[in-house]
Amino acid sequence: MRLATWNVNSVRTRVDRVTAFLERSGVDVLAIQETKCRDDQFPHMPFEAIGYEVAHVGLNQWNGVAVISRVGIEDVQVGFEGMPSWSSKEGVDPAPEARAIGATCGGVRMWSLYVPNGRQLGDPHLAYKLEWLDALRENAAGWLAADPQAQIALTGDWNIAPEDGDVWDMAVFAHSTHVSPPERAAFAAVVEAGYADVVRPHTPGEYTYWDYTQLRFPRREGMRIDFALCSPALAARVTGAEIDRQERKGKGASDHAPVLVDLAD
DNA sequence: ATGGTAGAACGTCTA
């Protein structure tokens, strides 16, 4: 079986690329982030036409996550217990955002996660990001405690570069989010809870994201911020992984590349 | 030059 995660940066703009990727790659279960649409706007038909089912949550033009599977979608869960809320405006009550959806697909508990960006050091959005990650960690630890043999994949755009080598120049990020110690600690806490980054060993030195501006992609100035963290039972099945850099090329590319994981049967 | 690009309530937020 083949899993993948991909921040598509608008599923409506990118639907032809996403379906072509599924057909070309043979991915069975794909987690996508930043669909940027409501549920009623999601283009289900192109996916159904090639044999995939979709579980999506999208509340407005921001965020939006989905699991797309051709090996079944069961027990769909939107968000997780204690997931923090957010309000972008003063005077507007905070509400949960469309940043997490889980579903069981072919025996794997697949999560599509879009971790809050954090914006800038000192921004309330960074505190929100850290609270969101802590609540995720607490849930993920609980899932594993309830069933140590569970095959769980925490995949998505984590908006964290865990190691200095995960950005092209640490000096550029000296006063930025994504590399700060609290963010890295929050990521490490999920790993310590039992979820392994199964992709890094197969893709040393590679990035998953390149900003649209400043010619970042041709200059090979990217970041590794998209991850598939797997529970022990699932990590034991991993036979390989790759980052599909080709998908970042050409007109109409997302700013993120798909991250793929191969599993033994 | 406070820049650049992209995508979403088509004006402004988000990344």
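Model, not experiment: these values are computed from the prediction. (Residues numbered from 1 in each chain as written. Chains lettered and ligands numbered in written order. Predicted model: local features only at pLDDT ≥ 70, side-chain atom pairs only at ≥ 80, totals over all residues. Heavy atoms only, no water.)

Trainee: Outline the protein's contact with DNA strand B, listing residues and values.
Mentor: With respect to spatial proximity, 18 residues lie near DNA strand B, and among them Ser10, Thr13, Arg14, Arg119 and Gln214 are the closest. Taking all atoms of DNA strand B within 4 Å of the protein, the share assigned to sugar and phosphate is 69%. Between DNA strand B and Arg14, the relevant distance is 3.0 Å, taken from a phosphate oxygen to a side-chain nitrogen or oxygen of the residue. Considering every element that reaches the surface near DNA strand B, the biggest residue donor is helix 1 (residues 11–25), with three residues. (Near = heavy atom within 4 Å. Polar contact = N/O pair within 3.5 Å; in protein donor to acceptor, adjacent residues only side chain to side chain. Helix = DSSP H or I, 4+ residues; strand = E, 2+ residues; numbered from the N terminus.)

Trainee: Outline the packing of helix 3 (residues 124–146) against helix 4 (residues 181–192), supporting the account with residue identities and numerical values.
Mentor: Contact geometry for helix 3 and helix 4: axes closest at 9 Å, N-to-C directions at 10°. Accordingly, the angle class assigned to the pair helix 3 and helix 4 is roughly parallel. Every residue of helix 4 that contacts helix 3 at Leu126, Lys129, Leu130, Leu133 and Arg137 is listed here: Pro182, Glu183, Ala186, Ala189 and Val190. When the residues that make up the contact of helix 3 with helix 4 are grouped by side-chain class, the tally is seven nonpolar, no polar and three charged. (Axes fitted to C-alpha atoms, helices over the stretch in contact; angles between N-to-C directions. Parallel < 35°, antiparallel > 145°, perpendicular 65-115°, else oblique. Contact = heavy atoms within 4.5 Å. Nonpolar A, V, L, I, M, F, W, Y, C, P; charged D, E, K, R; others polar.)

Trainee: Please give an account of the pairing of strand 1 (residues 2–7) that cites residues and values.
Mentor: Among the six residues in strand 1, six count as buried, and that is most of the element. What you see with strand 1 is no split at all: Arg2, Ala4 and Trp6 on one side and Leu3, Thr5 and Asn7 on the other are buried throughout. Pairing geometry for strand 1 and strand 12 (residues 259–263), over four bridges, is antiparallel. Residue pairing across strands places Leu3 opposite Val261, the latter belonging to strand 12. (Buried < 20%, exposed > 50% of the residue type's maximum accessible area, 1.4 Å probe, protein only. Pairing = 2+ DSSP bridges.)

Trainee: Break down the state of the cysteines for me, citing the residues and quoting the values.
Mentor: Considering all chains together, one arrives at zero disulfides under this definition. No disulfide involves Cys105; its sulfur sits 13 Å from that of Cys230, the nearest cysteine. (Disulfide = S-S within 2.5 Å.)

Trainee: Give a description of the UniProt feature "domain: Endonuclease/exonuclease/phosphatase" (unreviewed entry) in chain A that names residues and reports values.
Mentor: Per the UniProt record, the feature "domain: Endonuclease/exonuclease/phosphatase" (unreviewed entry) sits at residues 4–256. End C-alpha to end C-alpha, residues 4–256 measures 13 Å, and it is 23% helix and 22% strand. (UniProt positions renumbered as here; feature names shortened; annotations may be inferred.)

Trainee: Explain empty space enclosed by the protein to me, using residue names and the numbers behind them.
Mentor: Tallied over the entire structure, the rule returns one cavity of 30 Å³ or more. Lining the largest cavity, in full, are Leu3, Ala4, Thr5, Ala153, Thr155, Ala228, Cys230, Val259 and Val261. When residues of the lining of the largest cavity are traced back to their parent elements, those giving at least two are strand 1, strand 8 (152–157), strand 10 (226–230) and strand 12. It is strand 1 that contributes the most residues to the lining of the largest cavity, three residues altogether. Of the residues contributing to the lining of the largest cavity, the split by class is seven nonpolar, two polar and no charged. (1 Å grid on protein atoms, 1.4 Å probe; cavity = no way out; pocket = protein on both sides within 12 Å on 5 of 7 lines; lining within 4 Å. Points joined across faces, edges and corners; volume = space filled by probe spheres on them.)

Trainee: Can you break down the sheet that holds strand 4 (residues 65–69) residue by residue, with the values?
Mentor: One open sheet holds the six strands; their spatial order is 3-4-2-1-12-11, and the pairing between them is mixed. Where the open sheet ends on each side, the last strands, each with one partner, are strand 3 (53–57) and strand 11 (238–243). On average, each strand axis in the sheet is inclined to that of its neighbour by 15°, with strand direction left out of account. Contacts from helix 1 reach strand 1, strand 2 (29–33), strand 4 and strand 12, with the element oriented near 160° to strand 1.

Trainee: Could you give me a rundown of the packing of aromatic side chains, with the residues and numbers involved?
Mentor: If you walk through the whole model with that rule in mind, you get nine aromatic pairs. Ring centres of Phe80 and Trp132 lie 5.0 Å apart, and the angle between their planes is 75°; this geometry places the pair in the edge-to-face category. Here Trp132 lies in helix 3 and Phe80 lies in the loop between strand 5 (74–78) and strand 6 (100–105), a separation of 52 residues in the sequence. What makes Phe80 buried here is its relative accessible area of 6%. Under the relative-accessibility criterion, Trp132 is labelled buried at 0%. Ring pairs connect the aromatic residues Trp158, Phe187 and Phe227, which therefore count as one cluster. (Phe/Tyr/Trp six-rings, centres within 6.5 Å; stacked < 30°, edge-to-face > 60°.)

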